[in-house]
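# Breakdown of the fold
One-letter residues, chain by chain:
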Number of protein chains: 4
Amino acid sequence: MVIVMAPEATQQDIEAIVGLVSRAGGDAFVSRGVNRTIIGLVGDIARFMNLNLGGMSGVAEVMRVSTPYKLVSRDHHPERSTVRVGNVPIGPGTITLIAGPCAVETPDQTLAAARMAQAAGATLLRGGAYKPRTSPYAFQGLGEAGLRILADVRAETGLPIVTEVVDAHDVELVASYADMLQVGTRNAQNFGLLQAVGSVGKPVMLKRGMSATIEEWLMAAEYIAQRGNLEIVLCERGIRTFETATRNTLDISAVPVVQRLAHLPVIVDPSHSGGRRDLVLPLTRAAIAVGADGVIIDVHPTPEQALCDGPQALVDGDLDELGRIVRELPPLMGRTLATGLTPVA
Amino acid sequence: MVIVMAPEATQQDIEAIVGLVSRAGGDAFVSRGVNRTIIGLVGDIARFMNLNLGGMSGVAEVMRVSTPYKLVSRDHHPERSTVRVGNVPIGPGTITLIAGPCAVETPDQTLAAARMAQAAGATLLRGGAYKPRTSPYAFQGLGEAGLRILADVRAETGLPIVTEVVDAHDVELVASYADMLQVGTRNAQNFGLLQAVGSVGKPVMLKRGMSATIEEWLMAAEYIAQRGNLEIVLCERGIRTFETATRNTLDISAVPVVQRLAHLPVIVDPSHSGGRRDLVLPLTRAAIAVGADGVIIDVHPTPEQALCDGPQALVDGDLDELGRIVRELPPLMGRTLATGLTPVA
Amino acid sequence: MVIVMAPEATQQDIEAIVGLVSRAGGDAFVSRGVNRTIIGLVGDIARFMNLNLGGMSGVAEVMRVSTPYKLVSRDHHPERSTVRVGNVPIGPGTITLIAGPCAVETPDQTLAAARMAQAAGATLLRGGAYKPRTSPYAFQGLGEAGLRILADVRAETGLPIVTEVVDAHDVELVASYADMLQVGTRNAQNFGLLQAVGSVGKPVMLKRGMSATIEEWLMAAEYIAQRGNLEIVLCERGIRTFETATRNTLDISAVPVVQRLAHLPVIVDPSHSGGRRDLVLPLTRAAIAVGADGVIIDVHPTPEQALCDGPQALVDGDLDELGRIVRELPPLMGRTLATGLTPVA
Amino acid sequence: MVIVMAPEATQQDIEAIVGLVSRAGGDAFVSRGVNRTIIGLVGDIARFMNLNLGGMSGVAEVMRVSTPYKLVSRDHHPERSTVRVGNVPIGPGTITLIAGPCAVETPDQTLAAARMAQAAGATLLRGGAYKPRTSPYAFQGLGEAGLRILADVRAETGLPIVTEVVDAHDVELVASYADMLQVGTRNAQNFGLLQAVGSVGKPVMLKRGMSATIEEWLMAAEYIAQRGNLEIVLCERGIRTFETATRNTLDISAVPVVQRLAHLPVIVDPSHSGGRRDLVLPLTRAAIAVGADGVIIDVHPTPEQALCDGPQALVDGDLDELGRIVRELPPLMGRTLATGLTPVA
């Protein structure tokens, strides 16, 4: 941490900071310039952050130097991690295709979407039973009935299930069905939910908040990690910007940036970022080429009847091309398409 | 709603839409242009939104014309509403000053802050017992112990309490102490929480999500209203933009824009929007002048020791000027400073 | 300036930087921490910025501490400046109302708008002869014919003229008619134009670029100042954000922030920021209340016939209220409405 | 175009619009709903845009349906275009690698960078002689001396030159040296410059404005096209968002979105978008994979001595990998690396 003093700061102000830092077990190095004095702090940043240094007399600015997240940081864990969902790996050597319907609507629709996903090369099934919707008048998901449908489709296809949980108090219920819990963009700073999914012992997919900086995203992951769960996969799904041609702006650069800062796998959601079917395959190619560890894609047997996000779901006619992409592109990146289905009972 | 067809849309595509709308109880008016056909829909927009019209063959774009929120809209409720917290009104004829510490830390600190607030003209006390923090290593609030402190300070000062709730399952507990429940910016799309505060029978202050459009903010209010609670006060607290000189960018224009769209009172938080003490008084003046129905301000007896947001809290030396502003500016707007303390028992 | 070294930086890397800084006439103070070393630089920041320190081996981050603009900074010029346009002051003791049509269309329209402006209390006339338009098919302004109309209206009314220049090579021509040159938001980083208006000896109004940070805005002003012209008025006119309810988001906080950093006057454009007539008066009140040194407002005798930005122009019915605002609000801020008309010949 | 009337609009308001549109040679179709009336306009949108329909009494909103750009639109020119710079194509069948130094500094540095570029597979040389810089104290480029160096390096290597022009009055001079003129992000709405490069008969590379919507970017291209020049290549270079981990946010989705709307080639600048060397190769792969028609990349023999943007330039050690990417990835996209050097005299 670096503290920049205001030009008018007094010697007493400087000494007050040095004393405070030293009482907190840190060291403070003072550099006096012509106009300003700079104080470099060495020690435990988490303790310093609780000191309210910015509120001290004479302080102009407090600049952080080291990262405020510890458990997810690559600083102390330089190897990139692989997270396993059932037998399916998500990590540096593979590309994992997760696909399925945005929302679970009926057993037939879910099974048909799962078969589509599998045909394209997917080894994990996505599907929402709890849908956070901007409008209270929109379809909110089937709840536990949806989870049961997902479990039936898993039994039929062998595909482990990734599904969203939106409330801390549903975490145990959802975890009793799901193989991986998803935390969505609107809950990216719902800290109670983050702590709950951190405690339940299932892998978690954490979507980036639509206006979360990369640092805030990693801090959200730290909330999960702090409860003892490091089986976290980060998912870039587009951020909010001034551009309205796409639903969100896919921040493709975030993939290599995050992979450098954190050891967790990073995947991309090309369906929700663009919000348009015609962008899904180009963005899938971009995601694999930039180095993502996987992609998560909406597919639907009859998107014109979908109760949620139909306009972005891939249809039957797109699956061959999707299959070609996830098989031909990974080798150029030194990777292979992830396999590892759970044997169907 | 207006549906714009793609240039290549067929007569069959158009008829399919007309049929679908008509089966949903609506009317569809078809305007054929040289390049494109436009279909105007008349009827219940909530039903149309579930039709997935954007996914129909031949559709280029679906544009909404009327508002998707009903209960909070001024369309059917042209008079602007007044919400009462204890005996204190928040609404069109008054300016209500809500002030207090960002976080409840100790009984002494909370009482001192409440006395500061009162001295400046505040008739409602703010203070957080549950603090959603970006970092899991930061102070998270005192929880129920903090609520008890607030209740004691209310008994001492007569100031009704506004305090944040961050989890749906704490709503009843918090409501048993608080006079008004606050939903914070990070929970602006935590729909379970919105529904819970909508059901508990206490006034609610709904902060704008830091990346919420005005429409999304009003939809969040609609979630509360739908559970039978129209005692909602909206609070503009800054949005996330590219500018980093301030913590957030106060969207001052949102105040008159929202007042035109919704009948609910709108207040401004000049403390959290700027994140800097030196901006609080100028932004308070701007908020009153633009027509806000109140302001909510952080004060702290010793901000250099604050566990949360000390750098933005007003101190003793600022209170005279704050008092002058909230007394002298409202009459120019045809308003008066809201009073109405609950008698101290 | 502070240089943060990467954890893997070597002693040799550190020495290379110390040597480079010292050869550039600066001092480098080295603070060694457990994980990282921090180097504080003291000396001429402009020279350091050309050293490409960020490209040196072992450097993780370069953080600026002092401001990169010198001439417009308040550091060495603590008194806030007053700029005079004709006899009209723009500065800390007054509120200056600048009003007129967005575009000069005809002599009658311009004179009528000038009379409207004057009736409301304006002492400077705005009006565009060169209009930068997003579409090449939109009205682009009358050019020099428009300047002649403005000069005629000045002769008739005594109002000094503020008008935009969009090309470096028109600066002399426009300056031969205008009392103040305006540089618009789309030219906020047209550095050749900034240098040209800095050399011509007329006051300049510099609008903020629609995506310019406050620092970039002040650097643009520095380009003008560097050519010897400190008669610069900064104009906040809204920034681009995700919100679409208003054309731009008025960054009202920028007014006090900039007034603290720079000694130049700061005014607000409530017409272009919101892009809606119904927001102009509320935003004018907010601008004066936050401490702006003036406002610039579109008025038009028949906005439904305006060739540019009609929907945001005030009309006759708004003028009484505008006049009331600019007369009653300034005294609360310890200011008066600026007067000082040039005598009509 | 669709006009949405306010709920309180009168029959007279509606008739006024129908009359106005009809006098402008268009047709107006009126759809009356329960709450609102919608008027669909058919005819010449450019004429309608000058009517100020938004300013008419009773109008709530004006929504455009067809595109406001004509010459660059794919509506009337469905085949995607190929632009030739010297003998080098930029278009749908190829990937073109443009590389070179950010700024021309010396003959040796420029030649060395050109050799690096060529070694990696580049067939066009980039290099700036006029550098628009945020700070007036930063290196501004060598001007015509830089153009002469570029011409010498072209003679030596056979690489046609792409170089930026920043002022309308330099266009002829720059065009006398350059094979392709670049318009930079800060000049994306410098309409005089756009018109000048549209008139000079050389291909143009138009960078996206850092806060330009896709529509504004295409309107800027329309300014060039309107002067008779359709040899335009669009370059996505990142937009400004709240994220600060990268200098800009590369809007990778813009590539397929623009290719669908306009017939012009679209390339990507992975150097300026990220501003970090470690992101250049991942973003280059993403750009090719998403379907870009080329990439433009900074290379520098000694980036730690660069006068501009050294931290993002590729160095010798990166060239093999760059060469591998631009040779191996295009075939997966059904493309080949563009060749076509001009024979060295």
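Criteria and cut-off values
Residues numbered from 1 in each chain as written. Chains lettered and ligands numbered in written order. Predicted model: local features only at pLDDT ≥ 70, side-chain atom pairs only at ≥ 80, totals over all residues. Heavy atoms only, no water. Helix = DSSP H or I, 4+ residues; strand = E, 2+ residues; numbered from the N terminus. Buried < 20%, exposed > 50% of the residue type's maximum accessible area, 1.4 Å probe, protein only. Contact = heavy atoms within 4.5 Å. Areas by Shrake-Rupley, 256 points an atom, 1.4 Å probe, with all protein chains shown as cover. Lys, Arg positive; Asp, Glu negative; His and termini not counted. Charge placed at Lys NZ, Arg CZ, Asp CG, Glu CD. Least-squares fit on C-alpha atoms with pLDDT ≥ 70 in both. Salt bridge = Lys/Arg side-chain N within 4 Å of Asp/Glu carboxyl O. Nonpolar A, V, L, I, M, F, W, Y, C, P; charged D, E, K, R; others polar. Expected span 1.5 Å × (residues − 1). Pairing = 2+ DSSP bridges. Axes fitted to C-alpha atoms, helices over the stretch in contact; angles between N-to-C directions. Phe/Tyr/Trp six-rings, centres within 6.5 Å; stacked < 30°, edge-to-face > 60°. Lys NZ or Arg CZ within 6 Å of the ring centre and 35° of its normal. Core = buried A, V, L, I, M, F, W, Y, C linked by side-chain atoms within 4.5 Å. Buried area = accessible area lost by both parts, 1.4 Å probe. Domains from an automatic or database assignment. UniProt positions renumbered as here; feature names shortened; annotations may be inferred. Parallel < 35°, antiparallel > 145°, perpendicular 65-115°, else oblique. Left-handed = near helix turned anticlockwise from the far one by under 90°.

### Here we look at the overall build of chain A
Summing up its helical and strand segments, chain A has 11 helices and 15 strands in all. Dimensions of chain A along its principal axes, counting C-alpha atoms only, are 75 × 40 × 40 Å. Burial analysis of chain A (345 residues in total) assigns 66% to the buried set. Restricting the contact set of chain A to residue pairs at least 6 apart, pairs at least 24 apart contribute 70%. Carbon and sulfur atoms form 49% of the exposed surface of chain A, whose accessible area is close to 11,100 Å². Charge-centre separation for chain A: the mean point of 30 positive side chains lies 2 Å from the mean point of 36 negative side chains.

### Details of the relation of the copies chain A and chain B
Superposition of chain A onto chain B requires a rotation of 180° combined with a translation of 0.1 Å along the rotation axis, giving an RMSD of 0.0 Å. Within this description, the copies of the chain are treated as partners about a two-fold rotation axis. Relative to the rotation axis, the closest C-alpha in chain A is found at Ser211(A), a distance of 3.0 Å. Here 100% of the interface residues in chain A have copies in chain B that are interface residues too; the copies meet face to matching face.

### Brief notes about the interface of chain A and chain B
Tallying the contact residues gives 42 residues for chain A and 42 residues for chain B. Linking chain A with chain B are 2 salt bridges, by the criterion used here. A salt bridge links Glu216(A) to Arg240(B); the shortest N-O distance between them is 2.6 Å. For the side of chain A that touches chain B, the residue count by class is 18 nonpolar, 16 polar and 8 charged.

### Overview of helix H10 (residues 277-290) of chain A
Residue and element names in this part refer to chain A. Relative to the 20 Å expected for 14 residues at 1.5 Å per residue, H10 spans 21 Å between its end C-alpha atoms, a close match to the ideal helical length. Taking burial as the measure, the 14 residues of H10 include 12 buried ones, the bulk of the element. Those residues of H10 not exposed but buried are Leu279, Val280, Leu281, Pro282, Leu283, Thr284, Arg285, Ala286, Ala287, Ile288, Ala289 and Val290. Taken from the residues just after H10, Gly291 is the one with a positive phi, measuring 115°.

### Some remarks on the pairing of strand S3 (residues 37-42) of chain A
Residues and elements named next belong to chain A. In terms of burial, S3 is a largely internal element, 6 of the 6 residues being buried. The alternating pattern of S3 places Thr37, Ile39 and Leu41 on one face and Ile38, Gly40 and Val42 on the opposite face, and all of these are buried. Pairing of strand S1 (residues 2-5) with S3, which is carried by 3 bridges, proceeds in the antiparallel orientation. Bridging from a neighbouring strand, Ile3 pairs with Ile39 of S3. Bridge count for strand S2 (residues 27-32) against S3 is 6 bridges, and the pairing is antiparallel. Among the inter-strand pairings, Ala28 is bridged to a residue of S3, identified as Leu41.

### Comments concerning the sheet that holds strand S1 (residues 2-5) of chain D
Residue and element names in this part refer to chain D. The strand order across the open sheet formed by 4 strands is S2-S3-S1-S4, and the pairing between neighbours is antiparallel. One side of each edge strand has no neighbouring strand; the edge strands of this open sheet are strand S2 (27-32) and strand S4 (59-63). Sheet twist, expressed as the mean angle between neighbouring strand axes with direction ignored, is 20°. Judged from the 4 bridges that link them, S1 and S4 form a sheet pairing that is antiparallel. Note that in S4 the partner of Met5 across the bridge is Val59.

### Here we look at the packing of aromatic side chains
Applying the stated criterion to the full structure yields 4 aromatic pairs over all chains. Ring centres of Phe191(A) and Tyr223(A) lie 4.4 Å apart, and the angle between their planes is 25°; this geometry places the pair in the stacked category. In this pair, Phe191(A) is assigned in helix H6 (residues 191-199) and Tyr223(A) in helix H7 (residues 214-226), connecting sequence segments 32 residues apart. Here the basic side chain of Arg240(A) rests over the ring of Phe242(C), its NZ or CZ set 5.8 Å away from the ring centre.

### Points about the nonpolar core
Core analysis: the largest hydrophobic core is formed by 149 residues, its most contacted members being Leu206(B), Leu234(B), Leu206(C) and Leu234(C). In this structure Leu206(C) touches Val183(C), Leu194(C), Trp217(C), Ala220(C), Ala221(C), Ile224(C), Ile232(C), Val233(C), Leu234(C) and Cys235(C), once residues within four positions along its chain are discounted. Grouped together as the second largest cluster of nonpolar side chains are 140 residues, Ala221(A), Ala292(A), Trp217(D) and Ala254(D) included.

### Details of the relation of the copies chain D and chain A
Here two copies of a chain appear, and what relates them is a rotation about an axis with a shift along it. Each copy superposes on the other: chain D lies on chain A with an RMSD of 0.1 Å after a rotation of 180° and an axial shift of 0.0 Å. The share of interface residues of chain D whose copies in chain A are also at the interface is 100%, consistent with both copies meeting through the same surface.

### Considering the interface of chain D and chain A
Across the boundary between the two partners, chain D contributes 36 residues, which contact 36 residues of chain A. When chain D packs against chain A, the two sides together hide about 2,800 Å² of surface, and 69% of this comes from carbon and sulfur. For the chain D face of the interface with chain A, the top three residues by lost area are Phe242(D), Glu243(D) and Leu332(D), together amounting to 20%. Linking chain D to chain A there are 4 salt bridges. Note that Arg260(D) is salt-bridged to Asp278(A), the shortest N-O span being 3.2 Å. Of all elements in the fold, only helix H8 (254-261), helix H10 (277-290) and helix H11 (316-332) of chain D reach the threshold of two or more residues within the side of chain D that touches chain A. In terms of residue count, the dominant contributor to the side of chain D that touches chain A is H10(D) (8 residues). Split by residue class, the side of chain D that touches chain A holds 19 nonpolar, 7 polar and 10 charged.

### So, the pairing of strand S9 (residues 161-164) of chain B
Residues and elements named next belong to chain B. With burial as the criterion, each face of S9 is covered, one bearing Ile161 and Thr163 and the other bearing Val162 and Glu164. In this structure, strand S8 (residues 124-126) lies alongside S9, joined through 2 bridges in parallel fashion. For Arg126, the partnering residue across the bridge sits in S9 and is Val162. Relative to strand S10 (residues 180-183), S9 runs parallel, the two being bridged by 3 bridges. Counterpart to Glu164 in the pairing with S10 is Gln182.

### Section: the domain arrangement of chain A
The assigned domain composition of chain A is domain 1 (2-63) and domain 2 (83-337). Here domain 1 of chain A and domain 2 of chain A have C-alpha centroids that lie 43 Å from each other.

### Brief notes about the UniProt feature "domain: DAHP synthetase I/KDSA" (unreviewed entry) in chain A
When the UniProt feature table is mapped onto this chain numbering, "domain: DAHP synthetase I/KDSA" (unreviewed entry) sits at residues 87-329 of chain A. In residues 87-329 of chain A, the share of helix is 40% and the share of strand is 16%. The end C-alpha atoms are 23 Å apart.

### Concerning the packing of helix H11 (residues 316-332) of chain B against helix H11 (residues 316-332) of chain C
Axis separation between H11(B) and H11(C) bottoms out at 11 Å; the angle between their running directions is 165°. Considering their axes alone, H11(B) and H11(C) lie roughly antiparallel with respect to each other. For the crossing formed where H11(B) meets H11(C), the hand is right-handed. Only Arg324(C), Glu328(C), Leu329(C) and Leu332(C) of H11(C) make contact with H11(B), whose side of the interface consists of Arg324(B), Glu328(B), Leu329(B) and Leu332(B). Taken together, the residues of the contact of H11(B) with H11(C) sort by class into 4 nonpolar, no polar and 4 charged.

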